[in-house]
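Each chain is listed here by its residues.
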Amino acid sequence: MTEPTLALLSEPAPISAPALLGATITGKGVSLRITEVEAYFGPTDPGSHGHRGPTPRNRHLFGPPGTLYAYRSYGIHTCVNVVSAPAGISSGSLLRGAEVVDGTETARARRGPVPDVALARGPGNLGGALGAVLGEDDGTTLLDGSGPYVLTLAPGLEARLASAGPARVIEELLSETVPGPSGTGAVPRISRGPRTGVGGIAGGATFPWRFWLTGDPTVSAYRRHKGALD
């Protein structure tokens, strides 16, 4: 664990989430580069699992910064979140998309015969590629190597955080641009928008807390919930 990483993850998830893009999560024979996340902040967010307070099922979402919070989706998929806020506050970023950068064959053995770009595209697929197990991995830390996975920020980001602090660095990350498709000029390196499949106001423009690397093929498709409200 480094002080810059801890400082970042001590910020609420809607602030820290963009800085997880390009980070790697490594363990159980694979390494994934994160390309898409969604932030949830229980105190003000009706879309958060922790909005109504702690329960036995969501208790790890209230854990210290860098805790892995896992939950089961549709009774099948294990989805992985990075807790980001001081202990006692429900706040985390759902890992929605990633590129397998090491352990491709291990990920494929878990996921089946799918293209490389689809191995960890979508939160359930990402959890599957990692081999995440509900009831074993949730509640472990991602920061010191004592758990099954380790989170490492993108190259150079820790130095930037140490120099300028999380707020300034996040502002810079969201203002960076990259060349767009031929003839279209520059586009934001990090895109943002409403969250996928979330109903009510939490799934609308009031909560633009989905962040992704623009144009990356491992980012999942956006699907607006039919009950989302702007």
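Which residues make up the pairing of strand β3 (residues 68–73), and what are the values?
Where burial is concerned, most of β3 is hidden: 5 out of the 6 residues are buried. Pairing between β3 and strand β4 (residues 77–83): 6 bridges, direction antiparallel. Each residue of the ladder has a partner; that of R72, found in β4, is T78. Here β3 hands over to β4 after 3 residues, with Y74 in that stretch at a positive phi of 55 degrees.

Go over the pattern of salt bridges with me, naming the residues and quoting the values.
Side chains that differ in sign of charge can pair as their charged atoms come close. Per the counting criterion, the structure on display carries 14 salt bridges. Between R33 and E99 there is a salt bridge, with its nearest N and O atoms 2.9 Å apart. With R33 in strand β2 (residues 30–41) and E99 in strand β5 (residues 91–102), the pair connects residues that are 66 residues apart, well separated along the chain. Overall, R33 belongs to the partly exposed group, its relative accessible area being 23%. R108 serves as the salt-bridge partner of D116, at 2.2 Å between the closest nitrogen and oxygen.

Tell me what's going on with the packing of aromatic side chains, and back it up with residues and numbers.
The final tally for this structure, using the stated rule, is 2 aromatic pairs. Aromatic side chains Y69 and Y71 sit 6.0 Å apart centroid to centroid with 35 degrees between the ring planes, which places their arrangement in the tilted category. Given a relative accessible area of 2%, Y69 falls into the buried group. Against the face of W212 rests R210, its NZ or CZ located 4.2 Å from the ring centre.

Help me get a handle on the environment of L213, residues and values and all.
Note on placement: L213 falls in strand β10 (residues 210–213). Judged by its relative accessible area of 9%, L213 is buried. Along the primary structure L213 and S191 are separated by 22 residues, whereas in three dimensions their C-alpha atoms are 6.3 Å apart. The residues contacting L213, other than those within four sequence positions of it, are L21, G22, R33, I34, T35, R189, I190 and V219.

Could you give me a rundown of unusual backbone geometry, with the residues and numbers involved?
Despite not being glycine, K28 has its phi angle at roughly 55 degrees, a positive value. Along the chain, K28 turns up in the loop between β1 (24–27) and β2.

Now, about the layout of surface pockets: what can you tell me, with residues and values included?
For the largest pocket, the calculated volume is near 690 Å³. Within the residue set of the lining of the largest pocket, elements represented by two or more residues are β2, β3, β4, β5 and α4 (123–130). Looking at side-chain class alone, the lining of the largest pocket contains 10 nonpolar, 14 polar and 5 charged residues.

Pulling in residues and values, what's your account of the nonpolar core?
L32, V37, L95, L130 and L151 are the most contacted members of the largest nonpolar core, which has 44 residues in total. Looking at this core, the element that brings in the most residues is β2, giving 6 residues. Sequence-distant contacts of L151, defined by excluding residues within four places in its chain, comprise L9, L20, A23, T24, I34, V82 and L142. Membership of the second largest hydrophobic core comes to 10 residues, among which are Y40, L61, F62 and V83.

Summarise the side chain of S93; cite the residues concerned and give the values.
Tracing the sequence through the fold places S93 in strand β5. With sequence-adjacent residues up to four places away left out, S93 is seen in contact with A13, A17, L20, E38, A39, V80, N81 and V82.

Reading guide: rules and limits
Residues numbered from 1 in each chain as written. Predicted model: local features only at pLDDT ≥ 70, side-chain atom pairs only at ≥ 80, totals over all residues. Heavy atoms only, no water. Buried < 20%, exposed > 50% of the residue type's maximum accessible area, 1.4 Å probe, protein only. Helix = DSSP H or I, 4+ residues; strand = E, 2+ residues; numbered from the N terminus. Pairing = 2+ DSSP bridges. Salt bridge = Lys/Arg side-chain N within 4 Å of Asp/Glu carboxyl O. Phe/Tyr/Trp six-rings, centres within 6.5 Å; stacked < 30°, edge-to-face > 60°. Lys NZ or Arg CZ within 6 Å of the ring centre and 35° of its normal. Contact = heavy atoms within 4.5 Å. 1 Å grid on protein atoms, 1.4 Å probe; cavity = no way out; pocket = protein on both sides within 12 Å on 5 of 7 lines; lining within 4 Å. Points joined across faces, edges and corners; volume = space filled by probe spheres on them. Nonpolar A, V, L, I, M, F, W, Y, C, P; charged D, E, K, R; others polar. Core = buried A, V, L, I, M, F, W, Y, C linked by side-chain atoms within 4.5 Å.

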